[in-house]
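So the chains spell out like this:
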Amino acid sequence: MNVHSPHQSPLIAPSILSADFARLGEELKAITAAGADWIHVDVMDGVFVPNLTFGPPVLQKLRQYSSLPFDVHLMITEPDRHLKAFRDAGADWITVHAEACTHLHRTLQTIRALGAKAGVSLNPATDESPLKYVLDDLDLILIMSVNPGFGGQSFIPATFEKLRRVREMVGNRAIEISVDGGVSPKNSKQLSQAGASVLVAGSAIFNQPDWVKAIVALRAGE
């Protein structure tokens, strides 16, 4: 799988947290046709974050509506208990939170052994130091630019400097660097320049009247 440098157009991963839950299959088809690169699926358990969303049965049903990679972000406690279920349901990328994993290295090895790409996410108040011990077991780093749990939050500006540090840490390794939270055409270009190769966006796409234009605007920035 090609890994994009920060000097290329970033991949756009619409977050279906902002889609119409009553029409998820149709919305997934439409966002795929609109030019999305990945589908970002936010899984929340009401414990690690104060919200509840999707489980493996929903993911399995959605799989038929898009051939795009499913980028599954597990905002849950004890993620190891559920890795196989999400992989079996159709997850191509599985990202766990460093804050939720007692044995992060083992968790990432398990994800890869299941045949999925392995990712680690960091909350805004978590620095990047846990990453340096698992860099060679990673395919994706997800930097949260809002506190996870709800869509539509305001972007945290300190993310830019964190991105630069993570990009420097990654070096030439084939690791995607993703940003999630408050991403819009107003900051997408700066995020890409700081090191992001994947932009996760919810309301910046789904709340717009023309999803094709919204995705193009995110890639180009203002």
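Before reading further, recall that the structure is shown in the block above.
Residues numbered from 1 in each chain as written. Predicted model: local features only at pLDDT ≥ 70, side-chain atom pairs only at ≥ 80, totals over all residues. Heavy atoms only, no water.

A. Broad picture of the overall build of the protein chain. Within the protein chain, the regular secondary structure consists of eight helices and eight strands. Taking 222 residues into account, the globule formula puts the C-alpha radius of gyration at 17 Å, and the protein chain, at 16 Å, falls close to it. Here the C-alpha coordinates of the protein chain stretch approximately 45 × 35 × 35 Å along the principal axes. The buried share of the protein chain, taken over its 222 residues, is 53%. Intrachain contacts of the protein chain at a sequence separation of at least 6 include 66% that bridge at least 24 residues. Only carbon and sulfur atoms are counted for the fraction: they give 49% of the accessible area of the protein chain, which is about 9800 Å². Taking the 20 positively charged and 23 negatively charged side chains of the protein chain as two groups, their mean positions are separated by 3 Å. (Helix = DSSP H or I, 4+ residues; strand = E, 2+ residues; numbered from the N terminus. Rg over C-alpha atoms; globule rule 2.2 N^0.38 Å. Buried < 20%, exposed > 50% of the residue type's maximum accessible area, 1.4 Å probe, protein only. Contact = heavy atoms within 4.5 Å. Areas by Shrake-Rupley, 256 points an atom, 1.4 Å probe, with all protein chains shown as cover. Lys, Arg positive; Asp, Glu negative; His and termini not counted. Charge placed at Lys NZ, Arg CZ, Asp CG, Glu CD.)

B. Spatial organisation of the side chain of Ser184. Along the chain, the position of Ser184 falls in the loop between strand S7 (176-180) and helix H6 (188-194). When its relative accessible area of 19% is taken as the criterion, Ser184 is described as buried. Not counting residues within four places of it along the chain, the set of residues in contact with Ser184 comprises Ala204 and Leu218.

C. Here's a closer look at the sheet that holds strand S8 (residues 198-201). Read across the sheet, eight strands follow the order S1-S8-S7-S6-S5-S4-S3-S2 without closing on themselves; strand pairing throughout is parallel. The sheet terminates laterally at strand S1 (11-14) and strand S2 (39-44), the two strands that pair on one side only. Averaged over neighbouring strand pairs, the angle between their axes works out to 25° when direction is ignored. On the sheet, helix H5 (residues 159-170) packs against strand S5 (117-122), strand S6 (140-144) and S7 and is oriented at approximately 165° with respect to S6. (Pairing = 2+ DSSP bridges. Axes fitted to C-alpha atoms, helices over the stretch in contact; angles between N-to-C directions.)

D. View of the pattern of salt bridges. Inspection of the entire model under this criterion finds 10 salt bridges. For Arg165, the salt bridge goes to Glu128, with nearest N and O atoms at 2.6 Å. Separated by 37 residues along the polypeptide, Arg165 in helix H5 and Glu128 in the loop between S5 and S6 bring together distant segments of the chain. For Arg165, a relative accessible area of 34% gives the class partly exposed. Look at Glu128 and you get buried, because its relative accessible area is 11%. Where salt bridges share partners, they join Arg23, Glu26 and Glu27 into one cluster. (Salt bridge = Lys/Arg side-chain N within 4 Å of Asp/Glu carboxyl O.)

E. View of unusual backbone geometry. Even without being a glycine, Glu78 presents a positive backbone phi close to 45°. Within the element layout of this structure, Glu78 appears in the loop between strand S3 (70-75) and helix H3 (83-89).

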